[in-house]
Structures are given as structure tokens and as C-alpha cells.
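Summary of structural features
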Amino acid sequence: MVVQFDRVVCGDLPSAEKKEWLITNGIGGYGAGTVAGLLTRRYHGLLIAALKPPLQRTLLLAKLDETVQYQGRTYELAVNRWADGTVAPQGYQNLQRFQIEGSIPLWNYICGEAQLEKRVWMQPGANTTYVSYTLKQASSPLTLSIKALVNYRDHHSETQGQNWQMQVTSVPQGICVSPFEEATSFSLLSDQGEINPEHVWYRNFNLDIEGYRGLGNRDDNLHAATLKVTLKPGESLTVVASTERHPNLNGKIALIERRAHEQQLLENWQAVSPTQTTPPWIQQLVLAANQFVVDRPLTEEPEGKTIIAGYPWFGDWGRDTMISLPGITVTTGRTEIARTIIRTFARYLDQGMLPNIFPEVGEQPDYNTVDAILWYFESIRCYHAATQDDDFLQEIFPKLKDIIAWHQTGTRYGIHLDQDGLIYAGEAGVQLTWMDAKVEDWVVTPRVGKPIEINALWYSALRLMTSFAQRLGEPHQAFQDMADQTKAGFQRFWAKNLGYCYDVLDGPYGDDPALRPNQIFAVSLSMASGQTGSPPLLSLAQQRTIVEVCGQSLVTPYGLRSLSPEHPSYQGHYGGSPLQRDGVYHQGTTWAWLLGPYVQAHLQVYRNPDQARSLLKPMADHLLAHGLGSVSEILDGDAPFAPRGCFAQAWSVAEILRAWMAVEQFENLQERHP
């Protein structure tokens, strides 16, 4: 068991409310909350349904507030914080233990000498959440009363109920909620007990984290029903919230199906793992990886797939999807999903680019990214290396040639191949690289010019095209010549006087000497290129220096800082209003996903798998800190490196898994060929 807390944490509200759990359904819907049971985000709820998968995510069931009657005494299990800061009831005081079983949150409450277990999970492929209660131990029956608090709002917003009158009607074994005429109705059902409709607004829940983020932090939820049931020792109750017409009410079967699904995920991983033993925390990340894979059905690709960038607030982003794809799918033994995602995104290719953001309401996507398309090549490299799928390579190769041609002639936002063999990108008012924070008209880190990681990726793409063309019997010399030119031009990045690489060349104010982590890709990508026999961009001495410099100034236990602490613009704490947060997003904040390429670069330079593996091990502790069993988006740049941002981020999970697998494969190869 990787994630488990006893009463020391469970009974301490400041600790228990900072640790968040996540459940997902594979179509974009999710549920999330805290160990304490307290709502601290607008994104917390038991059923946040994807009404137009994978998006239009809508809060339906906010929470279930439980009260226990046992042997003449009353025990509250619910926890709420109100506008004035009052916490009532304080059910966390009766919480004995919390743990994650696979990816299923489990609470163990003590009511006198009775023990009541509660589990929450979602059905894969459906907007359906299960909440089960089992009376594990008692000397007499226990009566459980449950208030269902519902809503119907976009997960980014808050509700002021005022005079909103939802329609709550009785149906067999429960109620149906129809929020308004055009809304999607949903049901709350139970396999036993009596459910009575109600209609009482509970106002002014205090969403504490939203206040910290400088956003609206008041929310109203509707008490729509009360369920009452008496359980004998050993008996269970299942409550089901669903948009489906006829959801399965058999909680035992639904739980068996969920566990079988997770067991299959672990077997897929083990089938491709070079070792027979995997640390439990890595297995936990394999299950976490699955939470980001969701359906994106298209007319031309009805079985389309994509990757949610992060929970709770991100959708599927082109850049994040392509960076995440190797670790989320190929590394975990799910290459068929990798192929589907690559094919799904091929539908959106336009002028040699992939979109950055897919809007919630289905308008035309935005193409303001220079690197999403270059990470697309890396995803294809990883997929083909694992499968040797030449049929798919033959299918996708013409599109890849077209992408290269667009970059040669020029595409949106001034993106073009310059005479020195390097890619130039950017214009005033836009942010095209992964350091993309923008507040109204303020582009925080514009990086206009020739960013170093973009050109490392470009070189890698050209070498890959050379290899692919040779494999398919296509002309390859043009790609090889361009790669050679890029390699020669890339030496311009090396700043001998600094002892590391410029971050951007030929910008509006010249070459940027800021020490940022982007140069690590000039080393880590060369390890992947080396697998196809391509020469690295930099000498081994230069690579070693980059790894050393990044290790001294940028590396934290949980990722790499986005800017050196020695830089005058460095900010080591992330928080405050949206303006304050975006202003420091890439100015020192630690990014967990960058630990993956750093570990790979370290392995490339030092060839020591034990040292490389040791760099990943602090993440085992991180799985207990924020998004339980998952990896955060960002952390403070200053110690103690408090986790911030999304509590579960796809590329963070992906890159830890990918780096772990790379180390294992390297060590396995060393053992076979010492």
C-alpha cells in the first residue's frame, strides 16, 4: 500500500485537507476531494461529468454528508467549512484511516466500537460514480443518514443558488434531478434504503484554495435528497450517481470490474518492463497514468483518444499530449492507445502545426505553439521503436514530410527555418514555447527568436526523418543535409564565457543568457537520437557541463526550477492572484516533468543507472503530499518545495515513468553487454 494515513493525519484538519484524491472515468469526467472530506476547490465533487467527452465538465454531485446513529449516539462523518471560517460538522474527528486501494479512495470511520468503510470510484466509459459503505465491525445495527448535495455548473465556476428551483422527482430506488429545461438530467440511486426528495440550498461553502488562488471562493449546493438505511454488521450500501438511464446498481460487481481494469493496467506494464520487480510507488504511477487517457471521438475517428493535461482544470493540449504520450501509453504497454492518439491528432494538422488548445465548446482550435508538432515527432519515434509498425509509418510519413516543408517555407507566427539551420519562432504578443504564461497583453516569457529546446527538437525530428525515409525506401538526403546544417548552427548556443547554453538566440534584445532548464533537452534528446545512430548536438564535455550546471542551480528533489535563483527575476514562491501566479510561473517555479529529461541527460553523461534512479526516488514521498498517488504540476522553487498548481499532471507522471523505464532498460542492457 503506497498511500495510507492513520489518525495522526486524518484527525488533523490542516494536514487532511491538503491531501487530495482523484477518480476518473476515461471520458473526461472525474471526481476529486480531500482526505478530510472538506470541499476546498470549485473542482471538488463526487461526480463531475464530461457531458461532451472529453470536455464540458459539469459538477453534478458535490458531496454526500453522512450522519451515523449507533447505540444511542450520533456521529458526524461530514466536514464543511463555511464563509465565516467555521468548520461544522467536524467528521474528520471520527476518521481512523484513509488509503488508496489501486486508484480507489477508502475511508475507515470509527463510531464507538463500530467500523464503517467508505469507497468511491467511477465506472470506466460512463459518467457514473459509485459510493459504497460497508459496516465492517459492530455489535448491533447502525443507522446511516446521507444528505445528497447536488449542483449543475461548469467546473471552473461557482454557484449562487438564490431562487434557482431544480426539479427533483422520485424514481424507483432514488431520485432524478433536472436542473433546468436544457440541462442533462442525472439520477441518484441506491441498492437499498429509503431516498426522500428535498430542496434546500446550503449556501456559502468556503472554498479555501480558491481564495488562496485569488479567485471566487464561495459556492452554494442544493440538498436534493436524504437517504436513510440501517446496516447490520457485514452489510453494504451502494449509492450511485449517474447520467446514464440504467446504471448498474450492483456495487460489488462494479467494484470487481474496476479492480479487474486496474489489474490489467499493471499487467500491461509488467509485460514491457525489463525487470520482474517494480517498486510499489512506480506501480501506483502506472495506475495514475491511466487517469489521463480519455476518449476524443471524431466523425472521422470515432474511437479517437487524447490525454488530459492535468486535473482538475486542464483539458487536452497539443503540447502536453505529445510530451506525455510516451510515458503515459508506450511505457505502460499500451501502444495501441499511442497509435490512436497520434492518428487522432493527425486530423488537426494544419500548416505544419498541431493545435495547442482544444476549446471547451468545440470551436476551431488555437495553433499558438511551436513545439507541439516537434514533440509529435518524438511520440512517433517512441511508438515506432516499441512496435516496429511500418504500416503506420508508411501512413504517417507523407504528413511528416509536409510538416518539414512548412517549416522550411514558413508558417504562422514567424516560424521558419533560418539560413543557419535553426528554427526561428515568435512575434510580439504571443507565447509559443512551453513557457507560455500570458496575462492579458503581457507575455511573461516571450522567448521570441531561436529557443534552444525548439532547435534540439528540430534536429531530432530531422534525424528521425532521415531514418524513417531510409527504412521506407524514400529519398533521405535532404533531411540529412538539413540535420547536418542544424547541428553546425547549434554550436551558436554554446556560450563559452557562461559555461552553459544561451536560452534563446537572435531575440529582439540579442541572445538570452538566462540559466533555464531548456538546454537539458540538447542532452536528453541526444540519448534518443543515439539509438538511431545520430551524432549528438554537443560534445560530451559540453553535455557534462550542462548537466553539472543544471544540477547545481536548477535541480530540486522534485523537478527543475524554471530559472536560476541567481537571476534577478527569480521568484521562489508560487501563489496569489492570477496575475501574481502567472508572473512567476516560469520564473523559478519548479516543474516536475523536467525531472524526466534531467535524469535521462544524467544517464547519458555519467552512464550510472544507480545514480540516475536515485534522482527519481524522492517522488515516492511526493505521492503522499498533494494529489495522492500522482505527481503535481509544479512546486515552489524554494524549500520546502510546496506542491502547487494541478495536483495531478500528465507530463509529470509520464516523464517520471519514462525516465524510470529508460534507467531500467539501460541497466538491463549493461548486464547483457558489460
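Relevant structure appears above.
Not measured: the values here are computed from a predicted model.

1. As for the overall build of the chain
Along the backbone of the chain there are 18 helices and 37 strands. Against the compact-globule benchmark of 26 Å for 674 residues, the chain has a radius of gyration of 26 Å, which places it among compact chains. Overall, the C-alpha framework of the chain stretches about 80 × 50 × 45 Å when taken along its three principal axes. For the chain, with 674 residues in total, the buried portion stands at 62%. Residue pairs at least 24 apart in sequence account for 65% of intrachain contacts in the chain once pairs closer than 6 positions are excluded.

2. Remarks on the nonpolar core
If you look at the biggest cluster of nonpolar residues, it comprises 210 residues, and the most contacted ones within it are Trp281 and Tyr376. A per-element tally of this core places helix α10 (residues 452–472) first, with 13 residues. The contact partners of Tyr376, leaving out residues within four places of it in the chain, are Met322, Ile342, Phe345, Ala346, Leu354, Ile396, Leu400 and Ile403. Of all hydrophobic cores here, the second largest spans 8 residues; its members include Tyr130, Val240, Ala254 and Leu255.

3. Re the environment of Ile634
In this structure, Ile634 sits in strand β35 (residues 634–635). Classification of Ile634 as buried rests on a relative accessible area of 0%. Expressed as a C-alpha distance, the spacing of Ile634 and Cys646, which sit 12 residues apart in the sequence, is 7.5 Å. Other than its neighbours up to four places away in sequence, Ile634 contacts Tyr574, Tyr585, Thr589, Thr590, Trp591, Pro643, Arg644 and Gly645.

4. Here's the deal with the pairing of strand β3 (residues 30–34)
Consecutive side chains of a regular strand alternate in pointing toward one face of the sheet and then the other. Summarising burial for β3: 5 of the 5 residues are buried, a large majority. Residues of β3 alternate between two faces, with Tyr30, Ala32 and Thr34 on one and Gly31 and Gly33 on the opposite face, all of them buried. Taken together, the 5 bridges between strand β2 (residues 20–24) and β3 define a ladder with antiparallel strand orientation. Paired with Thr24 across the bridge in β3 is Tyr30. Taking the residues that link successive antiparallel strands as the turn, the β2-β3 hairpin has 5 residues, and the phi of Gly26 there is positive, at about 80°.

5. Thoughts on the pairing of strand β12 (residues 128–137)
Judged by how many residues are buried, β12 sits mostly within the fold: 8 of 10 residues are covered. Bridge analysis of strand β11 (residues 114–122) against β12 gives 8 bridges, and the strand direction is antiparallel. Within β12, the position partnered with Met122 by the bridge is Thr129. Strand direction decides the pairing type here: β12 and strand β19 (residues 236–242), joined by 7 bridges, are antiparallel.

6. A look at the packing of helix α4 (residues 251–272) against helix α5 (residues 280–290)
At a minimum axis separation of 10 Å, α4 and α5 run at an interaxial angle of 115°. In terms of their interaxial angle, α4 and α5 are classed as roughly perpendicular. For α4 against α5, the interelement crossing comes out right-handed. Note on element contacts: α5 touches α4 through Ile282, Gln283, Val286, Leu287 and Asn290, opposite Arg258, His261, Glu262, Leu265, Leu266 and Trp269. In the contact of α4 with α5, the residues fall into 6 nonpolar, 3 polar and 2 charged.

7. Here's the deal with helix α7 (residues 335–346)
In this model, α7 (12 residues) spans 17 Å end to end at C-alpha, consistent with the 16 Å of a helix rising 1.5 Å per residue. Residues Ile337, Ala338, Thr340, Ile341, Ile342, Thr344, Phe345 and Ala346 constitute the buried set of α7. Where the residues of α7 are buried, they touch β20 (293–295), β21 (305–307), α6 (318–330), α8 (372–387) and α9 (390–409).

8. Here we look at α4
Residues separated by three or four positions in an α-helix point in the same direction, a consequence of the helix having 3.6 residues per turn. In a regular helix each residue adds 1.5 Å, so 22 residues correspond to 32 Å; α4 covers 33 Å between its end C-alpha atoms and thus fits that length. Turning to α4, its buried residues number three or more, namely Gly251, Ala254, Leu255, Arg258, Glu262, Leu265, Leu266, Asn268 and Trp269. Within α4, the buried residues cover an arc of 155° as seen down the axis, which keeps them to one side. Turned more than 90 degrees away from the buried face of α4 sit Lys252, Ile256 and Ala271, all of them exposed. Measuring from the backbone nitrogen of Lys252 back to the side-chain oxygen at the start of α4 gives 3.2 Å, which picks out Asn250 as the cap.

9. A closer look at the environment of Val330
Relative to the helices and strands, Val330 is located in helix α6. You can call Val330 buried: its relative accessible area is 9%. Sequence spacing of Val330 and Ala654 is 324 residues, and the spatial spacing of their C-alpha atoms is 9.9 Å. Beyond its immediate chain neighbours, meaning those up to four positions away, Val330 contacts Leu325, Thr335, Ala338, Cys382, Tyr383 and Ala386.

10. Quick look at empty space enclosed by the protein
In the structure shown here, the tally under the stated rule is 9 cavities of 30 Å³ or more. What the largest cavity holds in volume is close to 200 Å³. As for the largest cavity, its lining consists of 22 residues, and the residues nearest its centre are Trp21, Gly37, Leu46, Lys63 and Lys118. Taken together, the elements giving at least two residues each to the lining of the largest cavity come down to β3, β4 (45–52), β5 (55–70), β10 (104–111) and β11.

11. Description of the sheet that holds strand β9 (residues 95–101)
With antiparallel pairing, 9 strands are arranged side by side in an open sheet as β1-β9-β10-β11-β12-β19-β16-β15-β14. Each edge of the open sheet is held by one strand with a lone partner, namely β1 (4–5) and β14 (167–171).

12. Let's talk about the pattern of salt bridges
Scanning all chains against the criterion turns up 37 salt bridges. We note a salt bridge from Glu101 to Arg119, for which the minimum N-O separation is 2.9 Å. Of this pair, Glu101 sits in strand β9 while Arg119 sits in strand β11, and the two are 18 residues apart along the sequence. For Arg258, the salt bridge identified is with Glu262, shortest N-O distance 3.4 Å. Of this pair, Arg258 and Glu262 both sit in helix α4, 4 residues apart, which is roughly one turn of that helix. Its relative accessible area of 6% is what places Glu262 among the buried residues.

13. Here's the deal with the side chain of Asp436
Tracing the backbone shows Asp436 in the loop between β24 (423–424) and β25 (438–439). Judged by relative accessible area, Asp436 falls into the buried class, the value being 16%. In terms of polar contacts, Asp436 uses its side chain to reach the side chain of Arg319, at 3.4 Å. The residues touching Asp436, leaving out its near neighbours within four places in the chain, are Trp317, Arg319, Asn356, Gln431 and His586.

14. Thoughts on the layout of surface pockets
Taken as a whole, the second largest pocket spans an internal volume of roughly 710 Å³. Contributing to the lining of the second largest pocket are 33 residues, with Trp313, Phe314, Trp317, Asp582 and Tyr585 lying nearest its centre. Elements with a minimum of two residues in the lining of the second largest pocket: β5, α6 and α14 (578–584). By residue class, the composition of the lining of the second largest pocket is 15 nonpolar, 7 polar and 11 charged.

The rules we used
- Residues numbered from 1 in each chain as written.
- Predicted model: local features only at pLDDT ≥ 70, side-chain atom pairs only at ≥ 80, totals over all residues.
- Heavy atoms only, no water.
- Helix = DSSP H or I, 4+ residues; strand = E, 2+ residues; numbered from the N terminus.
- Rg over C-alpha atoms; globule rule 2.2 N^0.38 Å.
- Buried < 20%, exposed > 50% of the residue type's maximum accessible area, 1.4 Å probe, protein only.
- Contact = heavy atoms within 4.5 Å.
- Core = buried A, V, L, I, M, F, W, Y, C linked by side-chain atoms within 4.5 Å.
- Pairing = 2+ DSSP bridges.
- Axes fitted to C-alpha atoms, helices over the stretch in contact; angles between N-to-C directions.
- Parallel < 35°, antiparallel > 145°, perpendicular 65-115°, else oblique.
- Left-handed = near helix turned anticlockwise from the far one by under 90°.
- Nonpolar A, V, L, I, M, F, W, Y, C, P; charged D, E, K, R; others polar.
- Expected span 1.5 Å × (residues − 1).
- Arc of directions from axis to C-beta.
- Polar contact = N/O pair within 3.5 Å; in protein donor to acceptor, adjacent residues only side chain to side chain.
- 1 Å grid on protein atoms, 1.4 Å probe; cavity = no way out; pocket = protein on both sides within 12 Å on 5 of 7 lines; lining within 4 Å.
- Points joined across faces, edges and corners; volume = space filled by probe spheres on them.
- Salt bridge = Lys/Arg side-chain N within 4 Å of Asp/Glu carboxyl O.

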